Amino acid sequence: MNLEQRNAVDNVNENGYIYALEVFDNMLASEQTPNEITFVSMISACTHDGLVSEGQNLFNKMINCCSLKRKIEHYGCMVDLLG
């Protein structure tokens, strides 16, 4: 992840889910694999915007699309999302 993308991901919660999705799509289009931090930011954005199914889809993409191992932070985001 380059500095520009890292800054974008850091600001996801301020800009909401649509911005997060754009960053995610740009990362995939440029053949960069999102990391665990990217998914924490994106699922958190879904939580703040009330987008439960989108957050669940991202949680599943961690393994299915990006082969990332879920960590306690991701499960915490899911608790917030579903709570």
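Here's what I pulled together on the structure shown here. (Residues numbered from 1 in each chain as written. Predicted model: local features only at pLDDT ≥ 70, side-chain atom pairs only at ≥ 80, totals over all residues. Heavy atoms only, no water.)

Check the secondary structure of the protein chain and you find six helices and zero strands. Per-residue burial over the protein chain gives 36% buried out of 83 residues. Taking all contacts inside the protein chain whose residues are at least 6 apart in sequence as the whole, residues at least 24 apart take part in 59%. Per element, the accessible surface of the protein chain, about 5,000 Å² overall, is 49% carbon and sulfur. (Helix = DSSP H or I, 4+ residues; strand = E, 2+ residues; numbered from the N terminus. Buried < 20%, exposed > 50% of the residue type's maximum accessible area, 1.4 Å probe, protein only. Contact = heavy atoms within 4.5 Å. Areas by Shrake-Rupley, 256 points an atom, 1.4 Å probe, with all protein chains shown as cover.)

At glutamate 31, a residue that is not glycine, the phi angle is positive and equals roughly 60°. When you line up the elements, glutamate 31 lands in the loop between helix H3 (17-29) and helix H4 (36-49). The phi torsion at serine 67 lies on the positive side, around 55°, for a residue other than glycine. Tracing the backbone through its elements, the reader meets serine 67 in the loop between helix H5 (52-64) and helix H6 (72-82).

So, about the packing of H5 against H6. The interhelical angle for the contact between H5 and H6, taken along N-to-C directions, is 160°, at an axis separation of 10 Å. When the axes of H5 and H6 are compared, the pair comes out roughly antiparallel. For H5 against H6, the interelement crossing comes out left-handed. Contacts between H5 and H6 involve Val52, Gly55, Gln56, Phe59 and Met62 on the former and, on the latter, His74, Tyr75, Met78, Leu81 and Leu82. For the contact of H5 with H6, a count of residues per class yields seven nonpolar, three polar and no charged. (Axes fitted to C-alpha atoms, helices over the stretch in contact; angles between N-to-C directions. Parallel < 35°, antiparallel > 145°, perpendicular 65-115°, else oblique. Left-handed = near helix turned anticlockwise from the far one by under 90°. Nonpolar A, V, L, I, M, F, W, Y, C, P; charged D, E, K, R; others polar.)

With 13 residues, H3 extends 18 Å from end C-alpha to end C-alpha; this agrees with the ideal 18 Å at 1.5 Å per step. Of the positions making up H3, those classed as buried are Tyr17, Ala20, Val23, Phe24 and Met27. Relative to the axis of H3, the buried residues are bounded by an arc of 120° and lie together on one face. Residues of H3 that are exposed and point over 90 degrees away from its buried face: Ile18, Asn26 and Ala29. Of the residues trailing H3, glutamate 31 is marked for its positive phi of about 60°. (Expected span 1.5 Å × (residues − 1). Arc of directions from axis to C-beta.)

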